[in-house]
Amino acid sequence: MTVPPGEELARLAALHGVATSYQPSPDRTVTASAGAVTRALAALGVDAGTPEAVRAALAARERELRERLLPPTVVCWRGSPCEALAALPEGTVLRVETEQGERRDSVDRLPLGVHQLTVTAPDGRTGRAHLVVAPPRLPTPAERSYGLLVQLYSLLSRRSWGMGDLGDLGELTSWAGRALGAGFVQVNPLHAAVPGTPTDPSPYRPSSRRFPDPVHLRVEDVPEFAYLRDDGAPRSALLDRAGRLREAVLDKGELIDRDAVWELKREALELVARVPLGPGRRAAYCDFLAEQGQALEDHATWCALAEVHGSQWRQWPAGLQDPRSAETTRARGELMDRVDFHSRLAWLTDAQLRAAQRAAREAGMPVGIVHDLAVGVHPEGADAWAQQEYFAAGMSVGAPPDAFNARGQDWGLPPWRPDRLAASGYAPYRRLLKALFRYAGALRIDHVMGLFRLWWVPQGEPPTEGAYVRYDAEAMLAVLVLEASRAGSVVIGEDLGTVEPGVRETLRERGVLGTSVLWFERDWEGDGRPLLPDRWRDDCLATATTHDLPSTAARLTGEHVELRDRLGLSTRPVEEERAEAAHDTGEWLALLNRLGLLAGTGGGSDLSSEEAEVQAVHRFLLRTPARMIGVWLPDGVGDRRPQNLPGTWDQYPNWRLPIADATGRPVTLEELAASPRLRALTEVLREDDGPTGAAPATVAPVGVAPVGESERRFEGGFESEDGPKPEPGP
C-alpha cells in the first residue's frame, strides 16, 4: 500500500520542485508515495528521513527563500520586463558584469548572453545571480520545406565501412538538396557511445552528448589517410577489410556490426594518428583543443581510462572515480598519448560534421542537417563521470504508469539536478547546446517535456515508485533560445505522448516546433476520427512515422501486427489486433479518398496501390499547415521494418538494420538516388503549393516567422511520455 506524503513533507517537496502527485489523464490524479518523495529530496541533498529532519529542512528552506534577494539564475526576455528584478526592494543597487566583459549599473539594453548580476538592497543585504538575457523567440523556418528522416548507420553507400558514415551524410544532403529540392535531413543522435563488447547500439543511451562518436567518421576523408603507405599494407589492406564488412551487410544479409566497424576504424585511425599534421592542420587542432578546454580533456581522459580499466567507471580504482583527483591527474599524464588520440578523434569528427552541414547549405537547403539530442546519458559514460556534481545520485529518468503502459518506464538515464544547474547558470547545459549548434541547422530535442519536469525513479525501485521533479523551464528555454539564436538554428521538440497542460503553449511561444505523427492525429476531444488537415497545428514537423514506429508500408499492409505477433509482443488475441489495425488504417484511407488524394498519384497508371497510398499519405501532410514535412527515407523504397521496436531487447535487431526495399533487400545510397519509387514520392512533395495555395516552400530561408493561427493540440499518444525506452540487458 502506498503511503502518501504528510503535510509537512508535501510542503518541503513543493519548495524543492518535487511533485507529490501527477495526472495520467485529466480525470485522474495519482499520489506519489512518501518513500519516492523522500528519495527524490535526498538526491537533491535534502534530508527528509524523519519527521524532525523534515521540519528542520522545511524551516531552513522557507528562511532561505524569504531572505534571498534573487534566485540563482534570473531570466530577462529582451523586450519584456524582468519579474525577478521588478520584485526587488525599491532603491536596490544593481551591478552587471556582462559576458562580453563590460560593467553596467543597469539592466537596460544589455547584450544577449549570460551575465553576472550583483544587487545590494537598502538594508545591506546582497545577492548574486546569473542573468540570462535572451531573445523572445528562437528562429523558425519562414516558409515550409520538406526533408528526409534517416538513421545514419542504416544508410550505407558503396564506400561505407559496414555502416553509414558522415561521408554518406554529406552525399545524401548534397543530392537531396540539389536533385530533390529537400530543405533538411534529420538524423539520429550521433553522440559518443559507451565502448564495450557488445556496445549498446541505442543512440539514445550515449556516453557523452557533448562529443560525437568517431565511429561515424569517413576515414578516407581524413587528410592524413592519404599519406599512409599504399603498397598493399596497410592502406589497401584496410580498404579490403572495409569492403568485406560492407558486403556482409549489403550482399550477404548480415546485420550492421558496429563493434566490428569500430575495431577496423580504430585500427585505421591509430595509423592515421602517426602521420604528422601539417602546420596549418596542427594550428587548427590546437585551436580546437583551446576552444573545447576542460570538457574535451575530461572526455578524452575518460576514454583513455576506459581502455585500461573498462567502461564502468564506478568500478575503477577509487581515486580515478573522481575526475578532479590527484590520481586522475597523474593517470592523465601517464596516458597522455591516448588522451591526445581521443582528443584528435573528437576534432576529426567535429570537422566532418561541420563539412556535412556546409554541403547541405551549399546544396540550397534552408535548414540543412537536423541533429537529435538524446534525453540523457548512460550512467557509466564520460558525461556522468566528468559532471558528477550535476547528476542526481541514485536516480533514473523514466515515465509513470498510464493508460499506455501500466508498469511505467525506467530509461536507465541519470537526471540532471535542477538546483545545481541553476547555481551554475546552466553552464553544462549551455556548453552542450553550443557544441551541438556548431554543426546543426536544426536540433530535435528528444522528450522536450524534460525541460519542464522529469519522472525520477529511485535506483532499485520499479517505475511506479517514482515522482516528478520540476526544472526551471523558463531558464532552460531561455538558454535554448539564446544558443539557437546565436547559431541561427531551428529547434524541434519531440512532444509525443502525455504532455501536461501549458507545455505546448509555452514551447510555441518561444518558437520551439512540435512533432505531429499522422496516425496519432485524431479528434481525441470529439469523435476520435482522423483529424482534418486544416485542424493540424502549423508550428510542427509533420511526419507519417518515426524510427520507433512501423514504416508506412507496414502499417498500410498490417505487417506490423504480424511482426509483433511473431515476437510474442501482442497483448491481445492477434485477430483483435489485426481488426483494430485494419479499422484504424481504413479510416485514414477513407479520408484520403474523400479528399481526392488517392486519385492521380504520381508514377503513372501502373503505380501499385501501396505506392499510391504512401504518396497519398504524404499529400495529406502537405494539406496541413505544418512548417516542416518529414519523409521517413525507408518509406521511399517500401521498407517494412522499424529501426527500433520498443519493448524488445534481443528479440529484434534494433538499431542494426540497413535500409531495405519491400523484399528486405538492402538498398545502397546509390540505389536510393536512382530509385523511381523514391523519386516519384519526392515529386509529390515538390508539387506542394501549401495548404491554402501558398508558393512552394522547398528553399525558404531560415528566419524568425510570426506565429500562425492553428492551435491544434495533440492530446492522444501511443505511449507514456515518449523517451528512449531501453530494455534491461541480459
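Residues numbered from 1 in each chain as written. Predicted model: local features only at pLDDT ≥ 70, side-chain atom pairs only at ≥ 80, totals over all residues. Heavy atoms only, no water.

### Brief notes about the overall build of the protein chain
Right, on to step 1. Across its full length, the protein chain carries 21 helices and 23 strands.
Right, on to step 2. Over its C-alpha atoms the protein chain spans a radius of gyration of 26 Å, differing by no more than 12% from the 27 Å that the globule rule assigns to 730 residues.
Right, on to step 3. Each principal axis of the C-alpha distribution contributes one length, and for the protein chain these read about 85 × 70 × 55 Å.
Right, on to step 4. The contacts in the protein chain between residues at least 6 apart in sequence include a share of 73% that link residues at least 24 apart.
Right, on to step 5. Surface summary for the protein chain: the accessible area is close to 29,200 Å², and the carbon and sulfur share equals 50%.
Right, on to step 6. With 82 positive and 104 negative side-chain charges, the protein chain shows a spacing of 3 Å between the two charge centroids. (Helix = DSSP H or I, 4+ residues; strand = E, 2+ residues; numbered from the N terminus. Rg over C-alpha atoms; globule rule 2.2 N^0.38 Å. Contact = heavy atoms within 4.5 Å. Areas by Shrake-Rupley, 256 points an atom, 1.4 Å probe, with all protein chains shown as cover. Lys, Arg positive; Asp, Glu negative; His and termini not counted. Charge placed at Lys NZ, Arg CZ, Asp CG, Glu CD.)

### What about the sheet that holds strand β16 (residues 442-445)?
Right, on to step 1. An order of β19-β16-β13-β10-β9-β22-β21-β20 is seen for the 8 strands of this open sheet, with the pairing classed as parallel. Single-partner strands in this sheet number two, and they are β19 (490-493) and β20 (514-517). Each adjacent strand pair in this sheet contributes to an overall mean axis angle of 25 degrees, direction not counted.
Right, on to step 2. Two elements, strand β9 (residues 145-150) and strand β10 (residues 184-187), share 4 bridges in a ladder whose sense is parallel. Bridging across to β10, V150 finds its partner in V187.
Right, on to step 3. Along the sheet face, helix α19 (residues 609-623) touches β21 (540-543) and β22 (628-632) and points at about 165 degrees away from the line of β22. (Pairing = 2+ DSSP bridges. Axes fitted to C-alpha atoms, helices over the stretch in contact; angles between N-to-C directions.)

### Here we look at the side chain of R144
Right, on to step 1. Among the structural elements, R144 can be located in the loop between β8 (140-141) and β9.
Right, on to step 2. Separated by 3.1 Å, the side chain of R144 and the backbone oxygen of L622 make a polar contact. (Polar contact = N/O pair within 3.5 Å; in protein donor to acceptor, adjacent residues only side chain to side chain.)

### Looking at the sheet that holds strand β5 (residues 103-104)
Right, on to step 1. Taken together, 5 strands build an open sheet; the order of strands is β3-β7-β6-β4-β5 and the sheet is mixed. Unpaired on one side and paired on the other, β3 (73-77) and β5 mark the two borders of the sheet.
Right, on to step 2. Lying on the sheet, helix α14 (residues 473-487) is in contact with β3, β6 (113-120) and β7 (126-134); it crosses β3 at an angle near 55 degrees.

### Topic: the packing of helix α1 (residues 7-15) against helix α3 (residues 51-67)
Right, on to step 1. At a minimum axis separation of 9 Å, α1 and α3 run at an interaxial angle of 40 degrees. Regarding the angle of α1 to α3, the classification is oblique. Where α1 crosses over α3, the two elements pack in a sense that is left-handed. Residues E8, L9, R11, L12 and L15 of α1 form the contact with α3, whose participating residues are V54, R55, A57, L58, R61, E62 and L65.
Right, on to step 2. Of the residues assigned to the contact of α1 with α3, the class counts are 7 nonpolar, no polar and 5 charged. (Parallel < 35°, antiparallel > 145°, perpendicular 65-115°, else oblique. Left-handed = near helix turned anticlockwise from the far one by under 90°. Nonpolar A, V, L, I, M, F, W, Y, C, P; charged D, E, K, R; others polar.)

### A few points about the pairing of strand β12 (residues 208-212)
Right, on to step 1. Where burial is concerned, most of β12 is hidden: 5 out of the 5 residues are buried.
Right, on to step 2. Where strand β11 (residues 191-192) and β12 come together, 2 bridges link them in antiparallel fashion. Across the sheet, A192 pairs through a bridge with S208, a residue of β12. (Buried < 20%, exposed > 50% of the residue type's maximum accessible area, 1.4 Å probe, protein only.)

### Things to note about the confidence of the model for the protein chain
Right, on to step 1. Across the protein chain, the average pLDDT comes to 91, with 92% of residues at 70 or higher.
Right, on to step 2. Low pLDDT, under 50, characterises residues 601-606; the stretch is placed with 8 contacts to residues that sit more than four places away or in other chains. (pLDDT = per-residue confidence, 0-100.)

### Here's the deal with the pattern of salt bridges
Right, on to step 1. According to the stated counting rule, one finds 48 salt bridges in the structure shown.
Right, on to step 2. Across the salt bridge formed by D523 and R535, the nearest N and O atoms sit 3.5 Å from each other. Taken as a pair, D523 in the loop between β20 and β21 and R535 in the loop between β20 and β21 lie far apart in primary sequence, 12 residues in all.
Right, on to step 3. A relative accessible area of 15% places D523 in the buried class.
Right, on to step 4. The class of R535 is partly exposed, set by a relative accessible area of 40%.
Right, on to step 5. Residues participating in the shared-partner salt-bridge network are E99, K434, E483 and R486. (Salt bridge = Lys/Arg side-chain N within 4 Å of Asp/Glu carboxyl O.)

### Observations regarding the nonpolar core
Right, on to step 1. In this structure, V18, L41, L172, Y429, W456, L480 and L633 are the most contacted members of the largest nonpolar core, which totals 126 residues.
Right, on to step 2. With 10 residues, α14 is the single largest residue contributor to this core.
Right, on to step 3. In this view, L41 contacts L9, L12, A13, H16, V18, V46 and A48; residues no more than four positions away in its chain are not counted. (Core = buried A, V, L, I, M, F, W, Y, C linked by side-chain atoms within 4.5 Å.)

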